[in-house]
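# Chain and residue survey
Next come the chains, spelled out residue by residue.
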Amino acid sequence: MMHYFLLEMPDYWLDIAALILRLFIGVCFVIHGLGKLGVVGSGNMAGFEGWLKSLNVPFPALQARAAMVTEILGGVLIAIGLFTRVGTVACIFVMLVAAVVGHKGGGYLITNNPPGNEYTVNLAAVLVAMTLIGPGAFSLDALLFPMPL
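Here goes a summary of the coordinates provided. For clarity, every value in this text was computed on a predicted model and none was experimentally measured. (Residues numbered from 1 in each chain as written. Predicted model: local features only at pLDDT ≥ 70, side-chain atom pairs only at ≥ 80, totals over all residues. Heavy atoms only, no water.)

### Here's the deal with the pattern of salt bridges
The full count for this structure, using the stated rule, is two salt bridges. The partner of E71 in a salt bridge is K36, with the nearest N and O atoms 2.8 Å apart. Of this pair, E71 sits in helix 4 (residues 60-80) while K36 sits in helix 2 (residues 11-36), and the two are 35 residues apart along the sequence. Of the two residues examined, E71 and K36, each falls in the buried class. As a salt-bridge pair, R65 and E49 come within 3.0 Å of each other at their nearest N and O atoms. A residue pair is termed long-range when its members are at least 10 positions apart, and R65 in helix 4 and E49 in helix 3 (residues 45-54) qualify at 16 residues. The exposure class assigned to R65 is partly exposed, which follows from its relative accessible area of 37%. Exposure remark for E49: the relative accessible area of 24% places this residue in the partly exposed category. (Salt bridge = Lys/Arg side-chain N within 4 Å of Asp/Glu carboxyl O. Helix = DSSP H or I, 4+ residues; strand = E, 2+ residues; numbered from the N terminus. Buried < 20%, exposed > 50% of the residue type's maximum accessible area, 1.4 Å probe, protein only.)

### Describing unusual backbone geometry
Here the amide bond leading from N113 into P114 is cis, since omega sits at 5°, within 30 degrees of zero. With respect to the helices, strands and loops of the structure, P114 is situated in the loop between helix 5 (84-102) and helix 6 (118-133). Its identity is not glycine, yet N56 carries a phi of approximately 65°, on the positive side. With respect to the helices and strands, N56 occurs in the loop between helix 3 and helix 4. On the accessibility criterion, N56 (67% relative accessible area) is exposed.

### Some thoughts on the layout of surface pockets
Size it by volume and the largest pocket reaches roughly 730 Å³. Counting only elements with at least two residues in the lining of the largest pocket, the list comes to helix 2, helix 3, helix 4, helix 5 and helix 6. Split into classes, the residues belonging to the lining of the largest pocket amount to 21 nonpolar, eleven polar and two charged. Roughly 160 Å³ of volume is contained in the second largest pocket. (1 Å grid on protein atoms, 1.4 Å probe; cavity = no way out; pocket = protein on both sides within 12 Å on 5 of 7 lines; lining within 4 Å. Points joined across faces, edges and corners; volume = space filled by probe spheres on them. Nonpolar A, V, L, I, M, F, W, Y, C, P; charged D, E, K, R; others polar.)

### Re the packing of aromatic side chains
A ring pair, where both rings are aromatic, is described by two values, the distance of the centres and the angle of the planes. Counted by the stated rule, this structure contains two aromatic pairs. Look at F83 and F145: their rings are 5.8 Å apart centre to centre, the planes differ by 45°, and that puts the pair in the tilted class. With F83 in the loop between helix 4 and helix 5 and F145 in the segment after helix 7 (140-144), this pair connects stretches of sequence that are 62 residues apart. Overall, the relative accessible area of 47% leaves F145 in the partly exposed class. The side chain of K36 reaches across the aromatic face of F48, ending 4.8 Å from its centre. (Phe/Tyr/Trp six-rings, centres within 6.5 Å; stacked < 30°, edge-to-face > 60°. Lys NZ or Arg CZ within 6 Å of the ring centre and 35° of its normal.)

Remember, this is a structural readout, not a statement about activity or role.
Here you go:
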């Protein structure tokens, strides 16, 4: 019994795990994108654009909008499980840029001053795992693009 609990699982558990990950991570990205629009939280596009400009990011207005669109669209795709791997790869790219550019010099911990890249790196790692696992059976991908028997 202990061996089964520790090392084995029913096949459908992986599909349930993929669903849980997709919903929570997808919604997380949508909320972050909406935050850049000023819909949730205290941020807004002008503030995000200004911050990118202060970091000497080229074309800060374009980059700010590209990050926002990627987070919202990628998050929705991930959450509903439609073109899931496209959404995860797009969001991985945003998180890696955020880690390298936005949190440069902050080390790892998010509590550092300046804030480290802990959050962005861990989100990217979760997204990589999701890319490898795939959307699971409880997704629009599985419904629209069924595996051949």
